[in-house]
Amino acid sequence: MNGAVTVDQAWGLQNLFPTPARVRPREAELFHQAASLHAMTPPRRTTRTLAVAAGKGGVGKTTIAVNLAMAMSMAGHDVMLLDGDMSVANVDVQLGLTPLRHVGHMLEGNCTLQDLIITGPHGLKVIPGGSGARRLAQLCNGEHAAVIRAFDELILPPEYLVVDTAAGVSDNVAMFAAAADDVVVVVCDEPASLTDAYALIKILSQDFGVRRFHVVANMVRHAGEARRLYEKLARVSERFLDVALDFMGMVPHDERLRQAIRRQSAVVDLWPSSRSAMGFKQLASAVDTWGQPMYSDIGRIAFFSGQSEPVTGW
Ligand SMILES: Nc1ncnc2c1ncn2[C@@H]1O[C@H](COP(=O)(O)OP(=O)(O)O)[C@@H](O)[C@H]1O
Ligand SMILES: [Mg+2]
């Protein structure tokens, strides 16, 4: 009697979850045809990549990349965050993650980009840099291109890729920014921040053909100050360079944010109603309103461009 009950339950469960062996032959054939068709179709470019850059160090690039990516994850998007400041990796430190491998291991051929992914809070996927890895500070352009192209090999491309970049206007920063669909320029109320942001915009527009920039004012005291900073940068850039800038939003100066960094957490996650967290959430909603990227894929090295090339040259 007991045996019969067990068999009946097992039968019911099998009916609920048909295993491949239970799929009828014709269905199985169609299934295999669809799978092989899928394998033949080149990967579609569905990921939107945002690079966070500034020119100047210490203005909040990493903080904005981490919290913007987390805010987007918390809003339900599938987001990946690349630590593009590869030799002084800060992203994993800000998120309290302890990666075992970094981009250098991939370039040495010891693992794939897929193997580097670690998952943080709210499903945010992180590709870590390598703290103190001197070699990563001296990558040549071919190696940067190899990192960018490695994204073509990801099994499940995310909806968004956020790239944190290094300070300065080196080829390293410019290549990552130019390979993205959107460049977010971070400024704060310091003369060097505005001049360095202008230098970055000039190089990206004149040497790499980037035409649109989204400006974030960080560490501001009020909305008026944020607007004033944006207008200063936009006025001079649009006058002397062939570019268009828009005001993406602001993040106020917030002691809570510093405390969150000390606790190795994103403030949007730890204190979602803090002043800075509200700013980050507004930045995340601004991304949702952006139209199609202005960029054409022709003739440039771009993230998720579908040009699969082996990762070599390290
Ligand atoms: N909105 C803000 N409010 C208060 N402090 C901030 C804010 N943004 C950044 N900071 C401080 O500035 C420091 C440097 O930020 P970080 O993101 O590492 O800059 P970058 O990546 O541009 O070098 C942070 O460790 C934090 O202490
Ligand atoms: Mg940084």
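Note that the structure is a prediction, hence the values are computed from the model and not measured.

Parameters at a glance
- Residues numbered from 1 in each chain as written.
- Chains lettered and ligands numbered in written order.
- Predicted model: local features only at pLDDT ≥ 70, side-chain atom pairs only at ≥ 80, totals over all residues.
- Heavy atoms only, no water.
- Near = heavy atom within 4 Å.
- Polar contact = N/O pair within 3.5 Å; in protein donor to acceptor, adjacent residues only side chain to side chain.
- Areas by Shrake-Rupley, 256 points an atom, 1.4 Å probe, with all protein chains shown as cover.
- 1 Å grid on protein atoms, 1.4 Å probe; cavity = no way out; pocket = protein on both sides within 12 Å on 5 of 7 lines; lining within 4 Å.
- Sits in = over half its atoms within 2 Å of the grid points.
- Nonpolar A, V, L, I, M, F, W, Y, C, P; charged D, E, K, R; others polar.
- Phe/Tyr/Trp six-rings, centres within 6.5 Å; stacked < 30°, edge-to-face > 60°.
- Helix = DSSP H or I, 4+ residues; strand = E, 2+ residues; numbered from the N terminus.
- Buried < 20%, exposed > 50% of the residue type's maximum accessible area, 1.4 Å probe, protein only.
- Lys NZ or Arg CZ within 6 Å of the ring centre and 35° of its normal.

Give me the lowdown on the site of ligand 1, citing residues and values where you can.
The full set close to ligand 1 counts 16 residues, and Gly58, Lys61, Thr62, Thr63 and Asn218 are the nearest of them. Here Val59 contributes a backbone N or O atom positioned 3.2 Å from an oxygen atom of ligand 1. For ligand 1, whose unbound accessible area comes to 560 Å², protein coverage reaches 83%. Using a 2 Å cut-off from the grid points, one finds that ligand 1 occupies the largest pocket. Taken together, the residues of the shell around ligand 1 break down into six nonpolar, seven polar and three charged.

Mind laying out the packing of aromatic side chains, listing which residues take part and the relevant values?
Working definition: an aromatic ring pair is given by the centre-to-centre distance plus the angle between the planes. Following the criterion strictly, the structure yields four aromatic pairs and no others. With a centroid separation of 5.6 Å and an interplanar angle of 70 degrees, the aromatic rings of Phe151 and Phe304 are classed as edge-to-face. Linking Phe151 in the loop between helix 7 (141–150) and strand 5 (160–164) with Phe304 in the segment after helix 13 (275–289), this pair joins segments that are 153 residues apart in sequence. Each member of the pair, Phe151 as well as Phe304, carries the same accessibility label: buried. Connected via pairs of aromatic rings, a cluster forms that spans Phe151, Phe176, Phe303 and Phe304. For the cation-ring pair, Arg256 lies above Trp271, with the distance from its terminal atom to the ring centre recorded as 4.1 Å.

Worth remembering: the numbers are spatial, not functional.
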